[in-house]
Amino acid sequence: MALLRIRTIQHPFDDALLTDAALGALGRADAMGLLDEEITCLDGAAMQALAAGMARAGIGLHLLVDFHRLPELSHDELRIVLERVNDVLKESPAPAQEWQALQAVLGLALLTQMLRISGSSARRYLSGERTTPDLIAIRLHFLALVVGDLAGAYSDIAVRQWFDRPRARLSGRAPARLLDDNWRPDDDGPRRIRELARHLPAPPEE
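In this text, all values refer to a predicted model and were calculated from it rather than measured experimentally. Each chain carries its own residue numbering, running from 1 in the direction its sequence is written. Owing to the predicted nature of the model, reporting of local features is limited to residues with pLDDT of at least 70; listing and counting of side-chain atom pairs is limited to 80 or more, with chain, interface and lining totals taken over all residues. Heavy atoms throughout the structure, all of them, feed into the side-chain values; hydrogens and water do not.

Draft legend 1. View of the pattern of salt bridges. By convention in these notes, a salt bridge is any Lys or Arg side-chain nitrogen within 4 Å of a carboxyl oxygen on Asp or Glu. Following the criterion strictly, the structure yields 13 salt bridges and no others. A salt bridge links Asp149 to Arg28; its shortest N-O distance comes to 3.7 Å. Separated by 121 residues along the polypeptide, Asp149 in helix α8 (residues 134-150) and Arg28 in helix α1 (residues 16-31) bring together distant segments of the chain. A simple rule labels every residue: compare its accessible area, found with a 1.4 Å probe on the protein chains alone, to the largest value its type can have, and call it buried under 20%, exposed over 50%, or partly exposed in between. For Arg28, a relative accessible area of 10% translates into the label buried. Close ionic contact of Asp164 with Arg177 constitutes a salt bridge, the shortest N to O distance being 3.2 Å. On the criterion of sequence distance, the pair formed by Asp164 in helix α9 (residues 156-164) and Arg177 in the loop between α9 and α10 (188-199) is long-range, its members being 13 residues apart. Residue Arg177 is classed as partly exposed on the basis of its relative accessible area of 45%. Secondary structure elements are defined from DSSP: runs of H or I of at least 4 residues count as helices, runs of E of at least 2 residues count as strands, and each element is numbered from the N terminus.

Spelled out as structure tokens, the structure:
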């Protein structure tokens, strides 16, 4: 979220479907720590920055040829490429990048609370001293996707508050409180969190 600040949108991304798909991909990539430059315009250059970030992380390499063909793609072809990019990002944990990005947005205390690990373990994973276990990497990626869903409407401070505020649509519980010691993204609690983040309007919620 730190690097995505869209102020202008250029053709063909001014089409509503393409706008949503492109912003969705960029929001996820930003939350995952894949972007390394500020993006203020939704255009071909933003897509190339997205492609570069995915390539550095080894994500969606088979899609790179499509990024190079962006200027010649039809509206429907571009929409399909963006849908594929979004699908690949959803299915591609990138702990090496996501640790730094999520710590910057959520802070280490809230992040470790939701991952259900100790601060000392988190610092070892952050530094690369230890490899992130698969379950923790999957949880980390889930949180990155939720943060990416919130990116368009919430500041970093508001995102942190979002996880800690009780929600009527979660039976009066805060999202962070639905993540127990054994949680996995497909469990009922995390699925409810993700669904809420996808469809929640800009704050205030209630």
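Structure shown, so let's carry the discussion forward.
Draft legend 2. The packing of aromatic side chains, seen in detail. Geometry of aromatic contacts follows a simple scheme: Phe, Tyr and Trp rings, the Trp one being its six-membered ring, pair when their centres are within 6.5 Å, and the pair is stacked under 30 degrees between planes, edge-to-face over 60, tilted otherwise. This structure, assessed with the given rule, holds 3 aromatic pairs. Pairing Trp99 with Tyr125 gives two aromatic rings, centres 5.8 Å apart and planes at 35 degrees, and the pair type is tilted. In this pair, Trp99 sits in helix α5 (residues 95-106) while Tyr125 sits in helix α7 (residues 119-127), placing the two residues 26 residues apart along the sequence. Using a relative accessible area of 8% as the deciding quantity, one classes Tyr125 as buried. For the pair Trp162 and Phe163, a centre-to-centre distance of 5.1 Å together with 90 degrees between the ring planes defines the contact as edge-to-face. Here Trp162 and Phe163 have matching classes, each one buried.

Draft legend 3. Expanded view of α8. Take the number of residues in a helix, subtract one, and multiply by 1.5 Å to get its expected span. The end-to-end C-alpha distance of α8, which contains 17 residues, comes to 25 Å, matching closely the 24 Å that a straight helix rising 1.5 Å per residue would cover. In terms of burial, α8 is largely enclosed, as 13 of its 17 residues are buried.

Draft legend 4. Looking closely at unusual backbone geometry. Cis geometry is found at the peptide bond from His11 to Pro12, where omega equals 10 degrees. Its place among the elements puts Pro12 in the loop between β1 (4-9) and α1. Look at Ser171: it is not a glycine, yet its phi comes out positive at around 60 degrees. Secondary-structure assignment places Ser171 in the loop between α9 and α10. For Ser171, a relative accessible area of 61% gives the class exposed.

Draft legend 5. Representation of the environment of Pro71 in the model. Within the element layout of this structure, Pro71 appears in the loop between α3 (64-68) and α4 (75-90). For the pair formed by Pro71 and Pro12, sequence separation is 59 residues and the distance between their alpha carbons is 9.6 Å.

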